[in-house]
Amino acid sequence: MKLYIDTANVAHIKEIAALGILSGVTTNPTLIAKEGRDFKTVIAEITELVDGPISGEVIALDAEGMVREGRDIAAIHPNLVVKIPMTPAGLQAVHVLSQENIKTNVTLVFSASQALFAAKAGATYVSPFIGRLDDAGQDGVQLVADIRMILDQYDLPTEIISASIRHPQHIAQSALAGAHIATIPYAVFQKAFKHPLTDQGIEAFLTDWKNVFGA
Ligand code: G3P
C-alpha cells in the first residue's frame, strides 16, 4: 500500500517526503482554504516536493464546469489528478476527462455501489471516506475491503485511496483491507511513528551504554 499525505501544508509535505515514505499528495477545498493561499501556487509548490500523483479538487458542481476546471488542474503538471465529487455530474465529468487521459479521483465515496459507478465511469482512483463513515456508525474499513473485492472480481483498474483517516490503526486496517493507497493527515503520521515501547527501548539502550562507557 502506498502512502500519501492529505494536506496542502507545504512544510508538512516537505517533512514527510524527506523520510522517503511518501508516494503522493491529496488536497481538498477545506485543506486549501486552511492554508489561505492561492490554489495554483500551492499545487505548483507541491509538485516540486513530491514526484507522484497530486490530487486537486474541482469546485464546480455541474459537469461542464468540472470538466473545464479539471482540464485546468491537469494542465498545471503531469502529476496532477483531478478530484471530483461522487455525483451524476461528477461521473459525467470523469467519463469525459478519462477519454482525454486525464487522471481522476472520485471523492466523497460512502458506498460500494458508488465506488463501482466511479470505476465504470473511468476513475483512476476512488476515495472512500472511512473516518466519516465510522462517525456515522458504519464500518469504514469494511467498505474498503468490499470495494477491493469488487474491483478485483471484475478486473477494474481503479485504485482505492483510503481517505478520512483519523488514527494510526486506520492505516494498518486499510492495508489489511486491500487499499492501494492510504492518504494520511500530518497529525496521524506523527502519532503513527510513535510507540511508547520504542521510546522506552531507546532510553534503556542509552542508559545501559552510558552506565558502562560514560556519556
Ligand atoms: O481525504 C479526505 C479527507 O480530507 C477528509 O478527511 O477528516 O475531513 O473526514 P476528514
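All of these numbers come straight from a predicted model, not from anything done at the bench.

Help me get a handle on the overall build of the protein, residues and values and all.
The number of helices and strands found in the protein is eleven helices and eight strands. Viewed in the frame of its principal axes, the protein has a C-alpha envelope of about 70 × 40 × 30 Å. Within the protein, buried positions represent 45% of all 215 residues. Partitioning the contacts of the protein with sequence separation of at least 6, the portion at a separation of at least 24 is 56%. As displayed, the protein offers around 11,000 Å² of accessible surface, 56% of which is attributable to carbon and sulfur atoms. Side chains of the protein carry 16 positive and 23 negative charges; the gap between the two charge centres is 2 Å.

An account of the nonpolar core is requested, with residue identities and associated values reported.
Formed by 58 residues in total, the largest nonpolar core has its most connected members in Ile 5, Ile 84, Val 106, Ile 147 and Ile 184. Apart from the residues within four sequence positions on either side, Val 106 is in contact with Ile 84, Met 86, Val 94, Ala 118, Ala 123, Tyr 125, Val 126 and Ser 127. In terms of nonpolar packing, the next biggest core, distinct from the first, is built from five residues, Tyr 4, Val 81, Tyr 125 and Ile 181 among them.

Explain a nonpolar patch on the surface residue by residue, including any values.
On the surface, Leu 19, Ile 21 and Phe 193 cluster together into a nonpolar patch covering about 250 Å² of accessible area. Examined against the element boundaries, Leu 19 turns out to sit in the loop between α1 (10-17) and β2 (24-26).

Talk me through the packing of aromatic side chains; I want residue IDs and the actual numbers.
Following the criterion strictly, the structure yields three aromatic pairs and no others. Ring geometry for Phe 110 and Phe 129: centres 5.8 Å apart, planes at 65°, overall edge-to-face. Of this pair, Phe 110 sits in the loop between β5 (104-109) and α6 (112-121) while Phe 129 sits in the loop between β6 (125-128) and α7 (130-135), and the two are 19 residues apart along the sequence. Residue Phe 110 is classed as partly exposed on the basis of its relative accessible area of 29%. Seen from their ring centres, Trp 209 and Phe 213 are 4.4 Å apart, and the 45° between their planes marks the pair as tilted. Of this pair, Trp 209 and Phe 213 both sit in helix α11 (residues 196-213), four residues apart, which is roughly one turn of that helix.

Kindly report on the layout of surface pockets, identifying the contributing residues and their values.
Taken as a whole, the largest pocket holds about 260 Å³ of empty space. Lining the largest pocket we find 18 residues, and of these Asp 6, Asn 28, Leu 31, Arg 132 and Ser 164 sit closest to its centre. At three residues, helix α2 (residues 29-35) tops the list of elements feeding residues into the lining of the largest pocket. Residue composition of the lining of the largest pocket, grouped by class: six nonpolar, seven polar and five charged.

Any chance you could break down the environment of Val 67 for me, citing the residues and the numbers?
Position of Val 67 relative to the elements: it lies in helix α4 (residues 63-74). Once the C-alpha coordinates of Val 67 and Val 212 are considered, the two residues, 145 residues apart in sequence, prove to be 68 Å apart. Excluding residues within four positions of it along the chain, Val 67 makes contact with Ala 93, Val 96 and Leu 97.

Outline the pattern of salt bridges, listing residues and values.
In total, this model carries five salt bridges according to the counting rule given. Between Arg 37 and Glu 45 there is a salt bridge, and its shortest N-O distance comes to 2.6 Å. Put simply, Glu 100 and Arg 71 hold a salt bridge, and the shortest N to O gap is 2.6 Å. Residue Glu 100 is found in the loop between α5 (88-99) and β5, and its partner Arg 71 is found in helix α4; the two are separated by 29 residues along the sequence. Its relative accessible area of 41% is what places Arg 71 among the partly exposed residues.

About the cut-offs
Residues numbered from 1 in each chain as written. Predicted model: local features only at pLDDT ≥ 70, side-chain atom pairs only at ≥ 80, totals over all residues. Heavy atoms only, no water. Helix = DSSP H or I, 4+ residues; strand = E, 2+ residues; numbered from the N terminus. Buried < 20%, exposed > 50% of the residue type's maximum accessible area, 1.4 Å probe, protein only. Contact = heavy atoms within 4.5 Å. Areas by Shrake-Rupley, 256 points an atom, 1.4 Å probe, with all protein chains shown as cover. Lys, Arg positive; Asp, Glu negative; His and termini not counted. Charge placed at Lys NZ, Arg CZ, Asp CG, Glu CD. Core = buried A, V, L, I, M, F, W, Y, C linked by side-chain atoms within 4.5 Å. Patch = residues over 30% accessible without salt bridge, like charges linked within 9 Å, V, L, I, M, F, W, Y side chains within 5 Å. Salt bridge = Lys/Arg side-chain N within 4 Å of Asp/Glu carboxyl O. Phe/Tyr/Trp six-rings, centres within 6.5 Å; stacked < 30°, edge-to-face > 60°. 1 Å grid on protein atoms, 1.4 Å probe; cavity = no way out; pocket = protein on both sides within 12 Å on 5 of 7 lines; lining within 4 Å. Points joined across faces, edges and corners; volume = space filled by probe spheres on them. Nonpolar A, V, L, I, M, F, W, Y, C, P; charged D, E, K, R; others polar.

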